[in-house]
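# Structural features, examined
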Amino acid sequence: NAWRAAWRGAGLEGEKAGEMDAVLHQSRVADDQRQRRFMRDASGLPDGAFVWHEGQACLVHRGRLHPYRTAGYDAPYELPEGLVEVMTPKPTVAVLLAGFRPALHPSASGAVAEG
C-alpha cells in the first residue's frame, strides 16, 4: 500500500503493521505518557503534518496553517517563519516527506468549518 511504500522510501525499519506501530508508538509517547513533540523549521514541513501554534493544533497544507476544529478546519493563514513545535511523530513526517498523501477533510481546502 501507499503508506508502506512511503515508509520504505523514508528508510524506516519494519515492514509489518505491528513493527511500524511499535516505531510510531515510541516516537509519539514519552515514558511519562506525554505526547512527544519536536522543533523543526516550518518551511521544511510536508503537507499533512500538525504543529502546535499560538495555542492550537494546526494542519500544514499548501504552505499554510489550517487551525483544527472538531467540525473541520478554520480559515488558513501563512506558515510562520522559523521553528515550530511539531505534533506529528518524526517517522510520520518522514513518510509524508517520502510521498505519502493523506486524505484530508474538505475544509482543509480553505473553507471555514461550521460549528
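Residues numbered from 1 in each chain as written. Predicted model: local features only at pLDDT ≥ 70, side-chain atom pairs only at ≥ 80, totals over all residues. Heavy atoms only, no water.

## Regarding the nonpolar core
Ranked by size, the top nonpolar core spans 12 residues in total: Phe38, Ala42, Leu45, Ala49, Val51, Cys58, Val60, Leu65, Val84, Val86, Val93 and Leu96. Among the elements of the structure, strand 3 (56-61), strand 7 (83-86) and helix 3 (90-97) are those that each provide at least two residues to this core. Excluding residues that lie within four positions of it along the chain, Val84 makes contacts with Phe38, Met39, Arg40, Ala42, Leu45 and Val51. Counting residues in hydrophobic clusters, the runner-up holds 5 residues, among them Ala6, Trp7, Met20 and Leu24. (Core = buried A, V, L, I, M, F, W, Y, C linked by side-chain atoms within 4.5 Å. Buried < 20%, exposed > 50% of the residue type's maximum accessible area, 1.4 Å probe, protein only. Helix = DSSP H or I, 4+ residues; strand = E, 2+ residues; numbered from the N terminus. Contact = heavy atoms within 4.5 Å.)

## Considerations on the pattern of salt bridges
Throughout the structure, instances matching the rule amount to 6 salt bridges. A salt bridge links Asp21 to Arg28; its shortest N-O distance comes to 3.2 Å. On the basis of relative accessible area, Asp21 is assigned to the partly exposed category, the value being 41%. With a closest N to O distance of 3.4 Å, Glu85 and Arg37 form a salt bridge. Residue Glu85 is found in strand 7, and its partner Arg37 is found in the loop between helix 2 (17-28) and strand 1 (38-41); the two are separated by 48 residues along the sequence. (Salt bridge = Lys/Arg side-chain N within 4 Å of Asp/Glu carboxyl O.)

## Here's the deal with unusual backbone geometry
At Glu54, a position not held by glycine, the phi torsion is positive, near 50°. Position of Glu54 among the secondary structure elements: in the loop between strand 2 (50-53) and strand 3. You can call Glu54 exposed: its relative accessible area is 67%. The phi angle at Arg62 is positive, at roughly 55°, despite the residue not being glycine. Within the secondary structure layout, Arg62 lies in the loop between strand 3 and strand 4 (64-69). Arg62 gets classed as exposed once you look at its relative accessible area, which sits at 62%.

## A word on the pairing of strand 3
With respect to burial, strand 3 is a largely interior element, 6 of its 6 residues being buried. Residues of strand 3 alternate between two faces, with Gln56, Cys58 and Val60 on one and Ala57, Leu59 and His61 on the opposite face, all of them buried. Direction of pairing for strand 2 relative to strand 3: antiparallel, over a ladder of 4 bridges. Among the inter-strand pairings, Val51 is bridged to a residue of strand 3, identified as Cys58. As paired elements, strand 3 and strand 4 share 4 bridges and run antiparallel to each other. Within the sheet, the bridge partner assigned to Cys58 lies in strand 4 and is Pro67. (Pairing = 2+ DSSP bridges.)

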